[in-house]
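# Tertiary structure, described
Given next are the chains, with one letter for each unit.
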Amino acid sequence: NTEKVKAVYDPANFVVHGHDTLKAFDLLKDYAVYYHIKDAIHGVKVVPAGEGEGNIRYIANEYIRRGGRVFTMEPHLAVFEGFAALEKQGESIDTSQFTYDSADTAFNTACDAFKKLI
């Protein structure tokens, strides 16, 4: 029964794997019950919402327009053990502006970026 199937939508996961976030949103919008706020640049790294290729402004605002209000911040902006293994090394795009001195700074940056989008 698909009425009981629900999903979490995370745009950065689609970006990281080279998929179109808008096509994914269109397919999943009736099943997603909440949205992780995480953006990315394909093949490079996770970045604050609106700085990547996740179409977060459109997706979040469309979700809100449809009555949705449940978001979770999952920024992955601070360095944590094991994350470096998930990123490709030696990419040519400079993303040093997305490096933070603490998890608190990274999280506050992520929240502020998302607030600007909605």
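Details of the structure are given in the entry above.
These figures come from a predicted structure and were not determined experimentally.

Attention shifts here to the overall build of the chain. Across its full length, the chain holds four helices and five strands. Listed by position from the N terminus, the elements making up the chain come as β-α-α-β-β-β-α-β-α. For the chain, the proportion of its 118 residues judged to be buried stands at 36%. When contacts within the chain are restricted to residue pairs at least 6 apart in sequence, those whose partners lie at least 24 apart make up 72%. Only carbon and sulfur atoms are counted for the fraction: they give 52% of the accessible area of the chain, which is about 7300 Å².

This part covers the packing of helix H3 (residues 56-65) against helix H4 (residues 103-117). Describing two packed helices takes the angle between their axes plus the distance from one axis to the other. Where H3 contacts H4, the axes come no closer than 9 Å and their chain directions differ by 65 degrees. Classified by the angle between their axes, H3 and H4 sit roughly perpendicular to one another. In this structure, H3 meets H4 at a crossing whose hand is right-handed. Where H3 abuts H4, its residues Ile56, Arg57, Ala60 and Asn61 lie against Phe114, Lys116 and Leu117. Broken down by class, the residue content of the contact of H3 with H4 amounts to four nonpolar, one polar and two charged.

Here three bridges tie strand E1 (residues 7-9) to strand E2 (residues 32-37), and the two strands are oriented parallel to one another. Paired with Tyr9 across the bridge in E2 is Tyr35. In this sheet, strand E5 (residues 71-73) lies alongside E2 in parallel orientation, the contact comprising three bridges. Its bridge partner lying in E5, His36 is registered against Thr72.

Below, the discussion takes up the packing of aromatic side chains. Under the criterion given, the structure shown has nine aromatic pairs. On the basis of an interplanar angle of 40 degrees and a centroid distance of 4.1 Å, the ring pair of Tyr35 and Tyr63 is categorised as tilted. With Tyr35 in strand E2 and Tyr63 in helix H3, this pair connects stretches of sequence that are 28 residues apart. With respect to class, Tyr35 is no different from Tyr63; both count as buried. Of the aromatic side chains, those joined through ring pairs into one cluster are Tyr9, Phe14, Phe25, Tyr35, Tyr58, Tyr63, Phe71 and Phe114.

Parameters at a glance
- Residues numbered from 1 in each chain as written.
- Predicted model: local features only at pLDDT ≥ 70, side-chain atom pairs only at ≥ 80, totals over all residues.
- Heavy atoms only, no water.
- Helix = DSSP H or I, 4+ residues; strand = E, 2+ residues; numbered from the N terminus.
- Buried < 20%, exposed > 50% of the residue type's maximum accessible area, 1.4 Å probe, protein only.
- Contact = heavy atoms within 4.5 Å.
- Areas by Shrake-Rupley, 256 points an atom, 1.4 Å probe, with all protein chains shown as cover.
- Axes fitted to C-alpha atoms, helices over the stretch in contact; angles between N-to-C directions.
- Parallel < 35°, antiparallel > 145°, perpendicular 65-115°, else oblique.
- Left-handed = near helix turned anticlockwise from the far one by under 90°.
- Nonpolar A, V, L, I, M, F, W, Y, C, P; charged D, E, K, R; others polar.
- Pairing = 2+ DSSP bridges.
- Phe/Tyr/Trp six-rings, centres within 6.5 Å; stacked < 30°, edge-to-face > 60°.

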